[in-house]
Amino acid sequence: MREATIRTAHGDDAAAERIASALRPDNTDEMATRVDGDEIVTTIDRETTGGLHSTVDDYVVNLRVAAQLADQHTTHTS
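The rules behind these values
- Residues numbered from 1 in each chain as written.
- Predicted model: local features only at pLDDT ≥ 70, side-chain atom pairs only at ≥ 80, totals over all residues.
- Heavy atoms only, no water.
- Helix = DSSP H or I, 4+ residues; strand = E, 2+ residues; numbered from the N terminus.
- Buried < 20%, exposed > 50% of the residue type's maximum accessible area, 1.4 Å probe, protein only.
- Contact = heavy atoms within 4.5 Å.
- Lys, Arg positive; Asp, Glu negative; His and termini not counted.
- Charge placed at Lys NZ, Arg CZ, Asp CG, Glu CD.
- Core = buried A, V, L, I, M, F, W, Y, C linked by side-chain atoms within 4.5 Å.
- Pairing = 2+ DSSP bridges.
- Axes fitted to C-alpha atoms, helices over the stretch in contact; angles between N-to-C directions.
- Polar contact = N/O pair within 3.5 Å; in protein donor to acceptor, adjacent residues only side chain to side chain.
- Salt bridge = Lys/Arg side-chain N within 4 Å of Asp/Glu carboxyl O.

A. The arrangement of the overall build of the chain in detail. Counting its regular elements, the chain contains two helices and three strands. When its helices and strands are written in sequence order, the chain yields β-α-β-β-α. Over its C-alpha atoms, taken along the principal directions, the chain stretches across nearly 45 × 20 × 15 Å. The proportion of buried residues among the 78 residues of the chain is 32%. The long-range fraction of contacts in the chain, counting pairs at least 24 apart against all pairs at least 6 apart in sequence, stands at 61%. Taking the average place of the 7 positive charges on the side chains of the chain and the average place of its 15 negative ones, the gap between the two points comes to 2 Å.

B. The arrangement of the nonpolar core in detail. Counting 16 residues, the largest nonpolar core has Ile19, Leu23, Ile40, Ile44, Val56, Tyr59 and Leu63 as its most contacted members. Of all the elements in the fold, those that place two or more residues in this core are strand 1 (2-9), helix 1 (13-23), strand 3 (39-46) and helix 2 (49-75). It is helix 2 that contributes the most residues to this core, seven residues altogether. Contacts of Tyr59, omitting those with residues within four sequence positions, involve Ile6, Leu23, Met31, Thr33, Ile40, Thr42 and Ile44.

C. Local environment of the sheet that holds strand 2 (residues 31-36). Taken in spatial order, the three strands make up an open sheet running 1-3-2, and their pairing is antiparallel. Sheet topology places strand 1 and strand 2 at the edges, where each strand pairs with a single neighbour. Neighbour-to-neighbour, the strand axes of this sheet turn through a mean angle of 15°, independent of strand direction. Sheet topology places strand 2 next to strand 3; six bridges connect them, and they run antiparallel.

D. Up close: the side chain of Thr42. Turning to its location among the elements, Thr42 is positioned in strand 3. Residue classification places Thr42 among the buried positions, given a relative accessible area of 0%. Separated by 3.0 Å, the side chains of Thr42 and Thr33 make a polar contact. Residues in contact with Thr42, not counting those within four places in the same chain, are Ala4, Thr5, Ile6, Met31, Ala32, Thr33 and Tyr59.

E. Representation of the pattern of salt bridges. Tallying each qualifying case throughout the model produces three salt bridges. Two residues, Asp36 and Arg7, come together in a salt bridge whose shortest N-O distance is 3.5 Å. Note that Asp36 is positioned in strand 2 and Arg7 in strand 1, a separation of 29 residues in sequence. By relative accessible area, which is 39% here, Asp36 ends up partly exposed. Take Arg7: its relative accessible area is 44%, and that puts it in the partly exposed class. A salt bridge links Arg24 to Glu17, with the nearest nitrogen and oxygen atoms 3.2 Å apart. The class of Arg24 is partly exposed, set by a relative accessible area of 32%. Residues participating in the shared-partner salt-bridge network are Arg7, Asp36 and Glu39.

This is the structure we're talking about:
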């Protein structure tokens, strides 16, 4: 079994929770996402190195989009 843990800081607890909530629906059975203060911690377990690499790549893309959308939510006013 291969494992990766990705920890990212997002400035405040509320932003981390918003971003994690956006990410969780895309988690596979091999993934777990939690919030630790202003950080999001995601652990990914896969059988192969190639599978782990693919899953981490997908997660990072989803994380980037979710973080950008969360930033827009907090920086733009209606």
